[in-house]
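# Close look at the chain arrangement
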Amino acid sequence: MRISISRPNVGALAVALTITLITAGSVPLAAQNAATLTGTVLDASGKSIPDATISARIQASGSASTAQTDREGHFRLINLAGGTYNLEISARGFATASRKGVSLSNGLTQDLPITLNIGDISQSVTVDAVVSLAAEAAPSHSSLDAVSAESIISQTYIQNFMAPTGDYSDVIIMSPGTFSVSTNGPGLGDTKTFFRGFKDGFYNMTFDGIPFNDTNDPTHHSWVWFPNQFLGNTDFNRSPGDATAIGPSNSGGSINLLSRDESDSQNIRATISYGSFNTRMMSLDYESGPFGGKAKKSNLILNVHNLDSDGYQTYNHQNRWGGSAKYQFKFSDKTVLTAFTGIIDLATNTPNVKGPTRAAVAQFGDNYLLNNNPADPLYYNYSFYQIPTDFEYVGLKTELGRGWKLEDKVYTNRYYNHQQYNGATITATSGTDKLNSYRKFGNILQVSQESKWGVFRTGVWYEAAYTDRFQIPTDPRTWVDAAVPNFHEKFITQSFQPFGQYEFRATRRLTLIGGLKMSNYNQHLNQFADNGKTIGNLGGLAFVGHTANYRAWQPNASARYLLTNKWSAYFQYATGNVIPPSSVFDVKSANVKIIPAPTSTTAYQFGSVLHFNRFTLDADAYFIRAQNPYASAPDPITGEPVYYLAGDTQTKGFEVESTIVAGRGINFYLNATTGSAKYADTHLWVQNSPKDTETIGVTYLHRNWDLGFFSKRVGELYNDNGAFNQAISIDPFHITNMYFNYTVKGESRLRGTKFRVAINNLTDSHAITGVSAAVAGKTGAPYVLSQNDSLTMLAGRSVSVSMTFGYAPKH
């Protein structure tokens, strides 16, 4: 059922659309007084080949012009003199092709389709140290240069094998050892991701290398940061990383999102989508290709989209507007300026409840959440979110000479979550008026120098974040707030991380890496008097102030050995930490004199990466010892809170990932993990840590068709019941998705036009994936299920049909 929600201000998006139309009309086309050669380079199955090199040599003078194909296999050679040409086309992993006697006429454009065949054995030996067909076809794979467990997720996968409404949690859901659950449908909720026993808040997330996270604790929100319309590749590193891995919470790893690559040609795409749960999406994309006079130093990418859905869960309506712009200017081949802005504005009815109870599911169905009864505390008009966000940066890359390079990014981002929700009853104070907002400013500077001995890197990350948070009792019928809040705090967090690292090429095959990073956090926090739920009335004071300084040193070391030009092995020792949350000050009278230190992680990993032309295999084994969040207890003499670690965890396991190119466009993707994440003292399981996971994927990539089937099994895991670990067992469950895409390619003016069908949760599973206990646990006693337990469940099957209308002017 559709719920009316006030829509956000879209003025900024209208401006972006205006820029799109103006720029589309201003980009110059190829000169008309010379010959032009265009074409598309494909493999034998009809799949486009990016980064192929085309050399055109005129027979009369012997002079040559070259070009490279873009990500869709297109190339363009302009301003050629009329005459007869010999062409040579080459790409890594393919046999070189040649065309002789190609005649070009002044003022005319000739289109030339080209097919490359796989290179023979001798050719493959030369190229496979860099790339393989299987690596190119892989939805996710590691690199021969890897020194830790990683999965590089391709832009092709994101564009073709995700629901159009998906977010970054859908990008990594099929990766080794990882799982996330969307209870309202793909991209229609704030989805949390788990891997290797680490929950959200214990791993970093970055966009184009810039960390983003909440300031009260370093968690993330999938529904308002970086939908798939903004994304290119993703580098998922399942380790604390090296010294250059900046951010406040790198204990478990880093999910590094990247923006879309610039296009080599101009195109406009308009997309409309409709699917289950009355889900509608409209999107407009524009890629300028190179423009700006003869030098063509500029490139622009724009997106504007709107998502509106009733959601799988009853009355959990979502409305999201978003837009992004990425501009690149090349001062020269050595200096590039990049600017990005992204805006999201979300309005939703999602309540602040853990999920429907067993009793509610039995009475109303698996999708029950809210209702339309004003006399019920779960009335949909008693719950509102309004969350605008923005993210901007300007980056500069330049080569300074003699192997020195400099990269600098200045950025800002904002999160403003204003939420109103009700509790278990309906009274003048049963609701809550909640705000969690912050604005950040930061800078990332890195300088590197490459010599015959190796690569030296040093730099610093600095960020200042300004936060305002409160929760005030309110009447859900009128939204009139009480005079005194449950809590209110304002604070400034300054993060400072200098780092240094050297990558030493000990031999032609052996590389040794060592580095050190200092993590330093300063927090200046004011807590205001409240109604006693957090710190109390402070004896009449308006507020109390705190200053905290957290510091930790993070050394790391790794080694990589290239056994052959297709096979590498690595070892890594790495350390990570997590900044303590602002809630360490949430005690009566704010009486905190001794504050905790950042929790730390030590990780050891062994791994190997194998890249044949038609087969990749990535495998790793890991052992991680991690400190858990702090708990507190009052000192028996002073009554002041004393913080102590809740117990170390030990995580160990084995992961494997592979892609097999079967031929005729058919590829198989497989991954599997087995392991454990347990508390070191009790040997009980850490919650949301599957004992094993397995993924199988089949893709068919042939000419205009891109078809995919992916299914993941998540093994048995456990949920806690308060302080009692391993209290509730969660049975294994499957996540199965299927995708169909037909795309117009080649040099057609309609290239980029696409028909797309996405089916999420193909088997319509309603598996329980999490339980929040209603009854307190008891030592040594198994948990007895209650009808009042809150359940997290898979959203039902969803089907979406999308049509993209593409237009690309002839070069």
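Summary of the structure given here. For clarity, every value in this text was computed on a predicted model and none was experimentally measured.

### Quick notes on the environment of S265
As for its placement among the helices and strands, S265 is situated in the loop between β15 (254-259) and β16 (267-275). Owing to a relative accessible area of 5%, S265 belongs among the buried residues under this scheme. Sequence spacing of S265 and H74 is 191 residues, and the spatial spacing of their C-alpha atoms is 8.4 Å. A distance of 3.5 Å separates polar atoms of two side chains, one belonging to S265 and the other to R751.

### Brief notes about the sheet that holds strand β3 (residues 64-68)
Read from one edge to the other, the open sheet built from 4 strands follows the order β3-β2-β5-β6, with strand pairing classed as antiparallel. Sheet topology places β3 and β6 (97-104) at the edges, where each strand pairs with a single neighbour. For this sheet, the mean inter-axis angle between neighbouring strands, taken without regard to orientation, is 20 degrees. Across 5 bridges, the pairing between strand β2 (residues 53-58) and β3 is antiparallel. Counted as the bridge partner of T53 is Q68 from β3.

### Overview of the side chain of T673
Summarising the element assignment, T673 is placed in strand β34 (residues 666-679). Among the polar contacts listed, one links the side chain of T673 to the side chain of T693, at a separation of 2.7 Å. The contact partners of T673, leaving out residues within four places of it in the chain, are P176, G177, F654, E655, K691, D692, T693 and E694.

### Thoughts on the side chain of D530
In this structure, D530 sits in the loop between β26 (510-528) and β27 (543-564). Side-chain polar atoms of D530 contact the backbone nitrogen of G536, separated by 2.8 Å. Not counting the four nearest positions on each side in its chain, D530 is found in contact with V484, P485, N486, F487, I535, G536 and N537.

### Regarding the environment of L370
The residue L370 is located in the loop between α6 (358-364) and β21 (383-401) in this model. Through-space distance from the C-alpha of L370 to that of T53 is 57 Å; in sequence the pair is 317 residues apart.

### A short note on the pattern of salt bridges
Any two side chains of opposite charge can pair, given that their charged atoms come close. Scanning the entire structure with this criterion turns up 24 salt bridges. R196 is paired through a salt bridge with D620; the nearest N and O atoms lie 3.1 Å apart. Placement of R196 in the loop between β11 (193-195) and β12 (204-207) and of D620 in strand β30 (residues 615-626) is noted, with a sequence separation of 424 residues between them. For R196, a relative accessible area of 5% translates into the label buried. With relative accessibility at 5%, the residue D620 sits in the buried group. Between K745 and D706 there is a salt bridge, with the nearest N and O atoms lying 3.8 Å from each other. In this pair, K745 is assigned in the loop between β39 (733-743) and β40 (754-760) and D706 in strand β36 (residues 705-714), connecting sequence segments 39 residues apart. Overall, the relative accessible area of 25% leaves K745 in the partly exposed class. Using a relative accessible area of 7% as the deciding quantity, one classes D706 as buried.

### Observations concerning a nonpolar patch on the surface
On the surface, a cluster of nonpolar side chains totalling about 660 Å² of accessible area is made up of L400, W404, W453, F456, Y502, F504 and L512. Relative to the elements of secondary structure, L400 occurs in strand β21. We classify L400 as exposed; its relative accessible area is 52%.

### Thoughts on the packing of aromatic side chains
Counted by the stated rule, this structure contains 34 aromatic pairs. With 5.0 Å between their ring centres and 85 degrees between their planes, F195 and F236 make a pair best called edge-to-face. Of this pair, F195 sits in strand β11 while F236 sits in strand β14 (residues 231-237), and the two are 41 residues apart along the sequence. The two residues F195 and F236 agree in class, both being buried. Seen from their ring centres, W705 and Y742 are 4.9 Å apart, and the 65 degrees between their planes marks the pair as edge-to-face. One end of the pair, W705, is in strand β36; the other, Y742, is in strand β39, with 37 residues separating them in the sequence. Put simply, the rings of Y168, F207, F212, W225, F226, F230, F340, F391, Y393, Y415 and Y438 touch in pairs and so form one group of aromatic residues.

What counts and how
- Residues numbered from 1 in each chain as written.
- Predicted model: local features only at pLDDT ≥ 70, side-chain atom pairs only at ≥ 80, totals over all residues.
- Heavy atoms only, no water.
- Helix = DSSP H or I, 4+ residues; strand = E, 2+ residues; numbered from the N terminus.
- Buried < 20%, exposed > 50% of the residue type's maximum accessible area, 1.4 Å probe, protein only.
- Polar contact = N/O pair within 3.5 Å; in protein donor to acceptor, adjacent residues only side chain to side chain.
- Pairing = 2+ DSSP bridges.
- Axes fitted to C-alpha atoms, helices over the stretch in contact; angles between N-to-C directions.
- Contact = heavy atoms within 4.5 Å.
- Salt bridge = Lys/Arg side-chain N within 4 Å of Asp/Glu carboxyl O.
- Patch = residues over 30% accessible without salt bridge, like charges linked within 9 Å, V, L, I, M, F, W, Y side chains within 5 Å.
- Areas by Shrake-Rupley, 256 points an atom, 1.4 Å probe, with all protein chains shown as cover.
- Phe/Tyr/Trp six-rings, centres within 6.5 Å; stacked < 30°, edge-to-face > 60°.

Such coordinate-based values are descriptive only and should not be taken to indicate function.
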